[in-house]
Amino acid sequence: MNNFWLVKSEPKEYGWEDLLKTRSATWDGVRNFQARNNLACMKKGDLVYFYHSGKNPEIVGIAKVVKEHFQDPTSQDPRWLSVELAADKPLTFPVTLKEIKKDKRLKEMKLVKQSRLSVMPVTEEEFYALLSLSAKKDVKL
DNA sequence: GCCAACGTTGGC
DNA sequence: GCCAACGTTGGC
């Protein structure tokens, strides 16, 4: 029953800018069963935080599930799945991992607790807490 | 560059 | 089926 998610990507390999350019992307190459199970639960229209891992770890945008799971085209094994994601909107300001770790509302986030998972559910509370973190910086302008 | 966390592999 | 060794991810 999850409606919110978070996916990670190394911006050097495939970043938010690439998603904007190509409009949509097949989220392939996931080779972890837990992450795969999460892909399988995604429904069309679900919102997905797009996270950049690596040098400047932060959430940079919101994507949307445009096609539900199908076999990963990069694998012969039917157990591996992909979804199709499209850019929905950028965050006004990215939310850094540092800020996420500082926020007590986000203490239980899988991003913090299970740092290696690349596709994870986000609760509704977490989703809106993250949105407010991104929007709050607006006020300073 | 290091290290923690965690997944996978292979010997027994 | 256990566990040690090893590989990978990802933060710092």
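Calculation notes
Residues numbered from 1 in each chain as written. Chains lettered and ligands numbered in written order. Predicted model: local features only at pLDDT ≥ 70, side-chain atom pairs only at ≥ 80, totals over all residues. Heavy atoms only, no water. Buried < 20%, exposed > 50% of the residue type's maximum accessible area, 1.4 Å probe, protein only. Helix = DSSP H or I, 4+ residues; strand = E, 2+ residues; numbered from the N terminus. Arc of directions from axis to C-beta. Contact = heavy atoms within 4.5 Å. Polar contact = N/O pair within 3.5 Å; in protein donor to acceptor, adjacent residues only side chain to side chain. Near = heavy atom within 4 Å. Nonpolar A, V, L, I, M, F, W, Y, C, P; charged D, E, K, R; others polar. Pairing = 2+ DSSP bridges. Axes fitted to C-alpha atoms, helices over the stretch in contact; angles between N-to-C directions.

Q: Can you help me understand helix α2 (residues 33–41) in this one?
A: Helical geometry: 3.6 residues make up each α-helical turn, so side chains three or four residues apart lie on a common side. Looking at α2, one finds that the buried residues are A35, R36, N38 and L39. Along the axis of α2, the buried residues cluster in a sector spanning 160°; they form a single face. Where α2 is buried, its residues contact β1 (4–9), β2 (24–27), β4 (58–71), β5 (81–96) and β6 (119–121). Capping of α2 at its N-terminal end is provided by N32; its side-chain oxygen lies 3.0 Å from the backbone amide nitrogen of Q34.

Q: Teacher, can you tell me more about the protein's contact with DNA strand C here?
A: Around DNA strand C, a shell composed of K8, Y51, S53, G54, P57, L97, K101, S115 and R116 is seen. Taking the atoms of DNA strand C that fall within 4 Å of the protein, sugar and phosphate contribute 83% of them. Between DNA strand C and Y51 there is a distance of 2.5 Å, counted from a phosphate oxygen to a side-chain nitrogen or oxygen. G54 places a main-chain nitrogen or oxygen 3.1 Å from a phosphate oxygen of DNA strand C. Classifying every residue of the surface near DNA strand C by side-chain character gives 3 nonpolar, 3 polar and 3 charged.

Q: What's the story with the pairing of β2 in this structure? I'm lost.
A: Residues A25 and W27 point to one face of β2 and are all buried, whereas S24 and T26, pointing to the other face, are not buried. Of the pairings in the sheet, the one linking β2 to β5 comprises 4 bridges and is antiparallel in character. Paired with A25 across the strands is L85, a residue of β5.

Q: Help me out: how do you make sense of the sheet that holds β2 in this one?
A: Paired through backbone hydrogen bonds, the strands of a sheet run either parallel or antiparallel to each other. What the 6 strands build is an open sheet, ordered β2-β5-β4-β3-β1-β6; its pairing is mixed. Edge positions in the open sheet fall to β2 and β6, since each of these has one partner strand only. Each adjacent strand pair in this sheet contributes to an overall mean axis angle of 35°, direction not counted. As defined by bridge partners, β1 adjoins β6 across 3 bridges and the pair is classed as antiparallel. By the bridge assignment for β6, V7 is matched with V119.

Spatial relationships are all this shows, so hold off on functional conclusions.
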